[in-house]
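# Coordinates in review
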Amino acid sequence: MSDQTVLHVKGRVLVGPEEVKDELWVVDGRISYERPRAEAVTVRGWALPGLVDAHCHVGLDHHGAVDEATSEKQALTDRDAGTLLIRDAGSPADTRWIDDREDLPKIIRAGRHIARTRRYIRNFAHEIEPDDLVAYVAQEARRGDGWVKLVGDWIDRDAGDLTACWPREAVEAAIAEAHRLGARVTAHCFAEDSLRDLVEAGIDCIEHATGLTEDTIPLFAERGVAIVPTLVNIATFPALAAGGESRFPKWSAHMRRLHENRYDTVRAAYDAGIPVFVGTDAGGSLPHGLVAAEVAELVKAGIPPIHALSATTWGAREWLGRPVLEEGAPADLVVYEEDPRADVRVLAGPRRVVLNGRVIG
């Protein structure tokens, strides 16, 4: 399809959770609901805004930063799965070159992870001590696209379990500095201990959030702090626990409990009114292209299908400040054979992927 080709999407256009139109057109790469005079190529089906993976790592594998060819392959895999908007939740690689590629997903970057010294995966993060946290948060706020990523907890080898990484006063000062610079802050958190301090310090989002409890769920809801559960990643906890059983039995038991409670935790968060968004944690140890599997996991946890869909489409885009299928918006959309509201598993098989007005899959 050339740049000049007009596209006619006909069938059911899911503009919002409750708003459905019969058709739209793509003219000069943008959405229009007015019939153009030019002839158009017609695509039929159920159309959604391009899917969002709100926790993904392009430019990263389990060893650390990867080359551009590998980053490109990761981005293409996500694109072909229907993911057209990525919030990159930390990467040591410079992927700005992707912004110049109209055939690759749009990326909102959080810069590089910021972790405590020797308290995260090797080669992933800036590893620093609390006195340097404000300076590094300021640095990554300037480098990123409105987000900063902290590592809120990790295994403490002396304690033999997950513990919080930062003192309360350090995160208060760091989050205040990020907000002063116009950036939001999110944090990797598996366990319970760090959550209250981070939320009361003003954090905007928590990744994974498996450590939510009856005490902290109301606090998250009151403050409007979002979570990105990454349930496809939490599924790996039993294998991780088995691998660390001999050295860290306390940590292993803790990881198993967090895994066992994962669905109840997510459903309790949703029921309390905590914003929940789709993220896969692809790019560390997980492959890319898992967005449909994560939506299905949210439904399995008890989130109604229409809300699980919103967590990767309308709601996620609003949260990230990006358009959906409104007049004049960039034409980033995915077309399916069947209604994804009736069965979210439909997301696993896009019929057409349209990015920047071009049919690319």
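Each remark here, short or long, concerns the structure printed above.
Here goes a summary of the coordinates provided.

Criteria and thresholds
Residues numbered from 1 in each chain as written. Predicted model: local features only at pLDDT ≥ 70, side-chain atom pairs only at ≥ 80, totals over all residues. Heavy atoms only, no water. Helix = DSSP H or I, 4+ residues; strand = E, 2+ residues; numbered from the N terminus. Rg over C-alpha atoms; globule rule 2.2 N^0.38 Å. Contact = heavy atoms within 4.5 Å. Areas by Shrake-Rupley, 256 points an atom, 1.4 Å probe, with all protein chains shown as cover. Lys, Arg positive; Asp, Glu negative; His and termini not counted. Charge placed at Lys NZ, Arg CZ, Asp CG, Glu CD. Pairing = 2+ DSSP bridges. Patch = residues over 30% accessible without salt bridge, like charges linked within 9 Å, V, L, I, M, F, W, Y side chains within 5 Å. Salt bridge = Lys/Arg side-chain N within 4 Å of Asp/Glu carboxyl O. Phe/Tyr/Trp six-rings, centres within 6.5 Å; stacked < 30°, edge-to-face > 60°. Buried < 20%, exposed > 50% of the residue type's maximum accessible area, 1.4 Å probe, protein only. Core = buried A, V, L, I, M, F, W, Y, C linked by side-chain atoms within 4.5 Å. Expected span 1.5 Å × (residues − 1). Arc of directions from axis to C-beta. Axes fitted to C-alpha atoms, helices over the stretch in contact; angles between N-to-C directions. Parallel < 35°, antiparallel > 145°, perpendicular 65-115°, else oblique. Nonpolar A, V, L, I, M, F, W, Y, C, P; charged D, E, K, R; others polar.

On to the overall build of the protein. A count of helical and extended segments in the protein gives twelve helices and 20 strands. Expected size for 361 residues packed as a compact globule is a radius of gyration near 21 Å; at 20 Å, the protein falls within 12% of this value. In terms of its C-alpha atoms, the protein occupies a principal-axis envelope of roughly 70 × 40 × 35 Å. At a minimum sequence separation of 6, the contacts of the protein that also span at least 24 residues come to 65%. By element, 46% of the accessible surface of the protein is carried by carbon and sulfur atoms, the whole surface being about 15000 Å². For the protein, the distance from the average site of its 42 positive side-chain charges to the average site of its 58 negative ones is 2 Å.

Quick look at the sheet that holds strand β3 (residues 30-32) now. Ordered in space as β3-β2-β1-β4-β18-β19-β20, the seven strands form an open sheet in which the pairing is mixed. At either margin of the open sheet sits one strand with a lone partner, and together these are β3 and β20 (358-359). In this sheet, strand β19 (residues 352-355) lies alongside strand β18 (residues 333-336) in antiparallel orientation, the contact comprising three bridges. When the bridges of β19 are listed, Val335 appears paired with Arg352.

Now for a positive patch on the surface. Together, Arg118, Arg122, Arg157 and Arg247 give the surface a local cluster of positive charge. Relative to the assigned elements, Arg247 resides in the loop between α7 (237-244) and α8 (249-260).

A few words now on the packing of aromatic side chains. Evaluated as defined, the whole model comprises six aromatic pairs. Between Tyr120 and Phe124, the ring centres sit 6.0 Å apart and the planes meet at 75°, which makes this aromatic pair edge-to-face. Residue class for Tyr120 comes out buried when judged on its relative accessible area of 13%. For Phe124, a relative accessible area of 4% gives the class buried. Ring geometry for Phe277 and Trp319: centres 4.2 Å apart, planes at 10°, overall stacked. Highlighted residues: Phe277 in the loop between α9 (262-271) and α10 (291-301) and Trp319 in helix α12 (residues 314-319), separated in sequence by 42 residues.

Moving on, we come to the pattern of salt bridges. Inspection of the entire model under this criterion finds 25 salt bridges. Its salt-bridge partner being Glu102, residue Arg358 comes within 2.5 Å of it at the nearest N-O pair. Of this pair, Arg358 sits in strand β20 while Glu102 sits in the loop between β8 (83-88) and β9 (106-109), and the two are 256 residues apart along the sequence. Ionic pairing is found between Glu140 and Arg143, a salt bridge with its closest N-O pair at 3.3 Å. Taken together, the residues span about one helical turn, with Glu140 and Arg143 both in helix α2 (residues 133-143) at a distance of three residues. The class for Glu140 is buried, based on a relative accessible area of 2%.

Looking now at the nonpolar core. By size, the foremost hydrophobic cluster in this structure holds 78 residues, and its most contacted members are Leu133, Ile203, Ile206, Phe220 and Leu298. Leu7, Ala47, Leu325 and Ala331 belong to the second-largest nonpolar core, a separate cluster that totals 15 residues.

So, on to helix α1 (residues 68-80). With 13 residues, α1 extends 18 Å between its outermost C-alpha atoms, agreeing within 8% with the 18 Å of an ideal straight helix rising 1.5 Å per residue. Those residues of α1 not exposed but buried are Ser71, Gln74, Ala75, Asp78 and Arg79. The arc that holds every buried residue of α1, seen down its axis, measures 135°, which confines them to one face. In α1, the exposed residues that point more than 90 degrees away from the buried face are Ala69 and Lys73. Looking at the buried residues of α1, the elements they touch are β5 (51-56), β6 (60-61), β8 and β19. Gly82, located one to two residues past α1, shows a positive phi value of around 100°.

When two helices pack together, their arrangement is given by the angle between the helix axes and the distance between those axes. Between α7 and α8, the least distance of the axes is 8 Å, while the angle of their chain directions is 170°. Looking at the two axes, α7 sits roughly antiparallel to α8. Taking contact as the criterion, the partners of Phe237, Pro238, Leu240, Ala241, Ala242 and Gly244 in α7 are, on α8, Pro249, Trp251, Ser252, Met255, Arg256, Leu258 and His259. Taken together, the residues of the contact of α7 with α8 break down into nine nonpolar, three polar and one charged.

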